[in-house]
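Understanding the architecture of this molecule
Take a look at the letters that make up each chain.
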Amino acid sequence: MNASEFGQFISEMRKKNKLTQAELARKLDVTDKAVSRWERGLGFPDINTLEALADALGISLLELMQAKQNEDNEPISTEQAEELLSDTIQLSNKLNKYVKFTGIQILSVFALIGITTLSLLFPEWNSVRFIAPGIIAGLIAWGIPIWKMTISRSRPIAVSLIISFSCALTAIALKIVDMAHDIHTNDMVAVIDTIDGIVAAVFLFIAVTIVLNILSLICSKKK
């Protein structure tokens with residue numbers, strides 16, 4: 001069994017039972033996007049969800065693990081059951097490793113951006129001493145929920161939310177301090193020329209931070 005075959009079987013059984021993805025998701029207390037990922041072979045249900053999924057689809061757990069209906073009610077040996085369970089666990093672990101690898105790639109890009117930013121701005125640190133830390137804090141604010149969704153999904157969500165929003169507020173505060181410094185040094189032209197872009201960037205940054213943390217919170221609750 002592979003993820004594609006498993007997903008196709010779920011889709012067929014769902015349609016056979018005249019269920020929408022949203023209806024099946026409600027029965028399992030997951031999101032309809034999670035069901036969509038399963039059916040496309042891009043994700044795999046939590047092991048603890050398999051029994052409830054089988055019940056919702058009106059099939060046995062073994063039929064779900066085999067990704068086919070046993071219409072002849074043929075008995076299955078203990079060895080076959082153990083092999084199916086092992087295959088299911090391996091498939092789940094394989095897809096989880098893919099998710100973690102994707103998260104590591106994204107966080108590595110963030111780290112590279114942060115290091116590059118510091119190296120480029122360090123020679124002019126006196127003029128950018130608030131900008132560089134603000135960028136780093138912003139990247140951390142985005143990185144924390146991504147880390148929570150992909151690498152450490154079993155950990156408590158409260159701490160990651162606090163750290164993410166704290167870093168986001170720190171990034172915004174540093175930008176405000178930077179603008180105040182420009183005003184204090186009578187560099188009003190620079191502030192006026194960039195104020196619209198800064199406001200738009202701050203609102204976009206806040207929106208992305210909120211969305212990422214909402215997604216991490218949903219992922220945490222649906223486990």
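Above this text sits the structure in question.
A brief report on the enclosed structure follows. None of these values were measured; they are calculated from a predicted model.

1. As for the overall build of the protein
Of regular secondary structure, the protein possesses 10 helices and zero strands. Its helices and strands taken in sequence order, the protein reads α-α-α-α-α-α-α-α-α-α from the N to the C terminus. Within the protein, counting contacts between residues at least 6 apart in sequence, those at least 24 apart form 66% of the total. Only carbon and sulfur atoms are counted for the fraction: they give 62% of the accessible area of the protein, which is about 13600 Å².

2. A closer look at the side chain of Ser216
The topology assignment puts Ser216 in helix H10 (residues 188–221). Within the local environment of Ser216, its side chain forms a polar contact with the backbone oxygen of Asn213, the two atoms lying 2.8 Å apart.

3. Some points on helix H2 (residues 21–28)
For H2, every residue scored as buried is listed here: Leu24, Ala25 and Leu28. Down the axis of H2, the sector holding all buried residues measures 100°, keeping them to one side. When the buried face of H2 is taken as reference, the exposed residues oriented beyond 90 degrees from it are Arg26 and Lys27. Along its buried surface, H2 packs onto helix H1 (3–16), helix H3 (32–39) and helix H4 (50–57). Backbone geometry just after H2 places Asp29 at a positive phi near 60°.

4. Brief notes about H1
Compared with the 20 Å implied by 1.5 Å per residue over 14 residues, the 20 Å span of H1 between its first and last C-alpha is a close match. Just beyond H1, the residue with positive phi is Lys18, at close to 55°.

5. Concerning the packing of aromatic side chains
What the rule picks out here adds up to two aromatic pairs. Here the aromatic rings of Phe110 and Trp142 are separated by 6.5 Å at their centres, their planes lie at 45°, and the arrangement is tilted. With a gap of 32 residues between them, Phe110 in helix H6 (residues 78–121) and Trp142 in helix H8 (residues 131–150) connect regions that are remote in the sequence. The exposure class assigned to Trp142 is partly exposed, which follows from its relative accessible area of 24%. Three or more aromatic residues joined by ring pairs form one cluster here, namely Phe110, Trp142 and Phe205.

6. What to know about the packing of H2 against H3
Between two packed helices, what matters for the description is the angle formed by their axes and the separation of those axes. Here H2 crosses H3 at 110°, and the two axes come no closer than 8 Å. With respect to each other, H2 and H3 are oriented roughly perpendicular. Facing Gln21, Ala22, Leu24, Ala25 and Leu28 of H2, the residues of H3 in contact are Asp32, Val35, Ser36, Trp38 and Glu39. For the contact of H2 with H3, a count of residues per class yields six nonpolar, two polar and two charged.

7. Quick notes on the pattern of salt bridges
Applying the stated criterion to the full structure yields one salt bridge. Here Glu39 makes a salt bridge to Arg14, at a shortest N to O gap of 2.5 Å. Taken together, the positions of Glu39 in helix H3 and Arg14 in helix H1 put the pair 25 residues apart, joining distant regions of the chain. Residues Glu39 and Arg14 agree in their burial class; the two are buried.

Here is what the cut-offs are and how they apply
Residues numbered from 1 in each chain as written. Predicted model: local features only at pLDDT ≥ 70, side-chain atom pairs only at ≥ 80, totals over all residues. Heavy atoms only, no water. Helix = DSSP H or I, 4+ residues; strand = E, 2+ residues; numbered from the N terminus. Contact = heavy atoms within 4.5 Å. Areas by Shrake-Rupley, 256 points an atom, 1.4 Å probe, with all protein chains shown as cover. Polar contact = N/O pair within 3.5 Å; in protein donor to acceptor, adjacent residues only side chain to side chain. Buried < 20%, exposed > 50% of the residue type's maximum accessible area, 1.4 Å probe, protein only. Arc of directions from axis to C-beta. Expected span 1.5 Å × (residues − 1). Phe/Tyr/Trp six-rings, centres within 6.5 Å; stacked < 30°, edge-to-face > 60°. Axes fitted to C-alpha atoms, helices over the stretch in contact; angles between N-to-C directions. Parallel < 35°, antiparallel > 145°, perpendicular 65-115°, else oblique. Nonpolar A, V, L, I, M, F, W, Y, C, P; charged D, E, K, R; others polar. Salt bridge = Lys/Arg side-chain N within 4 Å of Asp/Glu carboxyl O.

Bear in mind that shape data such as this cannot, by itself, settle questions of function.
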